[in-house]
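Structural description and commentary
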Amino acid sequence: YQESDITMDRNIDQRVPTPWVRYASEIQSVVIGEGVTEVGDYTFIDCRALKRVQLPSTLRRVGAYAFSDASLESLQLPNGLQRIGRYAFAENNFQSVLLPTTVTELGDHAFYACKQLNVVWILGPVGAVDIGTFGSCYGITDVFLSGGIGSIHRNGFTGTQIVDVYYGGSRDSFYAMTGNVYGDLTDNTNRFHFNFLLNPYVSFADVAAGEWYAESVLWAAQRGITTGTDPGRFSPGAVCTRAQMVTFLWRAMGSAEPFFPNENPFTDVNPTDYYYKAVLW
């Protein structure tokens, strides 16, 4: 569909851009069936009641403005998706977005003004995070970035107040990716975590989804604060030692180097202990 169709008088039958445009204010959910590979430009723009969308595993492209100005409360992008157009999901209400490893093209302002958004995962080799891609997403606190991202525009995260950036590459490659210039991502961020293993799919067999601590456990595990007691187990009823507790706090604050790394006041804390730097910090 064309932008000119969208802005024309929608009361003129022959200019109706989509068959459902007259019901845009009523549509609350959309299911796009398996086999569909593309949601075209402007397809669901201004569907302001649209809260839920189910996308097929066969989807490869979401066009420009395709879901712009809707009210999506959650967003699950399928593996296999490759391209997201400009303003594709602008001004929606979801709180997190995970771009799978297959996404390589991300248009400018693709998630512009998603003001409820607080966590962003970019898992794949996106060529560029363009100008305004996450602009005016005031609520973003955590950004997880693949080491394979080509570049980030200095205004890619304009108008945000990010607390933590978790990056899958080295410090040097991060600043090379951002062009060694200060911008919204580097200026506004309190803590950087380099060489971070991105793992949004972490789970523990002994943490049931309905438990009061379940979301807290996943939050900590996805940020590398805890790794569990054994592969796939968290042991929620186990007792924490002082060493574990201070290590959790240290990791949550960015695993910073101690100010005085050679001054150890404790005779029972050794340089070979996993908690050594945490205790000194």
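Described in the following lines is the structure provided in the data block. On a predicted model such as this, the values are computed, not experimentally measured, just so you know. (Residues numbered from 1 in each chain as written. Predicted model: local features only at pLDDT ≥ 70, side-chain atom pairs only at ≥ 80, totals over all residues. Heavy atoms only, no water.)

The next point concerns the overall build of the chain. The secondary structure content of the chain amounts to 6 helices and 11 strands. When its C-alpha atoms are laid out on the principal axes, the chain stretches across 85 × 45 × 30 Å. Of all 281 residues assigned to the chain, the portion counted as buried reaches 45%. Put simply, the chain shows about 14700 Å² of open surface, and 49% of that area lies on carbon and sulfur atoms. (Helix = DSSP H or I, 4+ residues; strand = E, 2+ residues; numbered from the N terminus. Buried < 20%, exposed > 50% of the residue type's maximum accessible area, 1.4 Å probe, protein only. Areas by Shrake-Rupley, 256 points an atom, 1.4 Å probe, with all protein chains shown as cover.)

What follows is about the sheet that holds strand β7 (residues 105–106). A sheet is described by the order of its strands in space; here 4 strands give the open sequence β2-β4-β5-β7, paired in parallel fashion. Edge positions in the sheet fall to β2 (38–39) and β7, since each of these pairs with one other strand and no more. (Pairing = 2+ DSSP bridges.)

With the rule as written, the count across this model stands at 23 aromatic pairs. Geometrically, the ring pair formed by Phe67 and Phe89 is stacked, given 5.4 Å between the ring centres and 5 degrees between the ring planes. With Phe67 in the loop between β4 (61–62) and β5 (83–84) and Phe89 in the loop between β5 and β6 (96–99), the pair connects residues that are 22 residues apart, well separated along the chain. The class for Phe89 is buried, based on a relative accessible area of 0%. Cluster of aromatic residues (ring-pair linked, three or more members): Trp20, Phe44, Phe67, Phe89, Phe94, Phe111, Phe134 and Phe157. (Phe/Tyr/Trp six-rings, centres within 6.5 Å; stacked < 30°, edge-to-face > 60°.)

Once that is clear, we can look at the side chain of His193. For His193, the location among the structural elements is in strand β11 (residues 191–193). Accessibility expressed as a relative area gives 9% for His193, which makes it buried. Sequence-distant contacts of His193, defined by excluding residues within four places in its chain, comprise Asp164, Val165, Tyr166, Tyr167, Arg251 and Gly254. (Contact = heavy atoms within 4.5 Å.)

Restricting attention to buried positions, one finds in helix α5 (residues 242–252) the residues Ala243, Thr247 and Trp250. Mapping the buried residues of α5 onto a view down its axis gives an arc of 60 degrees, with all of them on the same face. Exposed side of α5, more than 90 degrees from the buried face: Arg242 and Leu249 are the residues found there. Check the buried side of α5 and you find it contacts α6 (276–280). Once α5 ends, the next one or two residues include Gly254, with phi positive near 100 degrees. (Arc of directions from axis to C-beta.)

This next bit is on a nonpolar patch on the surface. The grouping of Leu249, Met253 and Trp281 at the surface amounts to a nonpolar patch, some 320 Å² of accessible area in total. A relative accessible area of 42% places Met253 in the partly exposed class. (Patch = residues over 30% accessible without salt bridge, like charges linked within 9 Å, V, L, I, M, F, W, Y side chains within 5 Å. Salt bridge = Lys/Arg side-chain N within 4 Å of Asp/Glu carboxyl O.)

This paragraph deals with the sheet that holds β6. The 5 strands are arranged β6-β8-β9-β10-β11 in an open sheet whose pairing can be described as parallel. Pairing within the sheet leaves two strands with one partner each, and these edge strands are β6 and β11. Mean inter-strand twist for the sheet, computed between neighbouring axes without regard to direction, equals 10 degrees. Pairing between strand β8 (residues 119–122) and strand β9 (residues 142–145): 4 bridges, direction parallel. By the bridge assignment, Trp121 is partnered in β9 with Phe144. (Axes fitted to C-alpha atoms, helices over the stretch in contact; angles between N-to-C directions.)

As for its placement among the helices and strands, Phe204 is situated in the loop between β11 and α4 (214–222). Counting along the chain gives 17 residues from Phe204 to Ala221, while the straight-line C-alpha distance between them is 9.6 Å. When near neighbours in sequence (up to four residues on either side) are disregarded, Phe204 contacts Val217, Ala221, Thr227, Gly228, Gly232, Arg233 and Phe234.

Side chains of a nonpolar character, in soluble globular proteins, are inclined to be buried together. Counting 51 residues, the largest nonpolar core has Phe67, Ile84, Phe89, Phe111, Phe134 and Leu145 as its most contacted members. Elements that contribute at least two residues to this core include exactly β6, β8, β9, β10 (164–167) and α2 (171–177). Leave out the neighbours within four places in its chain, and Phe89 touches Val62, Phe67, Leu72, Leu75, Leu77, Ile84, Phe94, Ala110, Phe111 and Cys114. Phe204, Val207, Tyr213 and Ala214 belong to the second-largest nonpolar core, a separate cluster that totals 7 residues. (Core = buried A, V, L, I, M, F, W, Y, C linked by side-chain atoms within 4.5 Å.)

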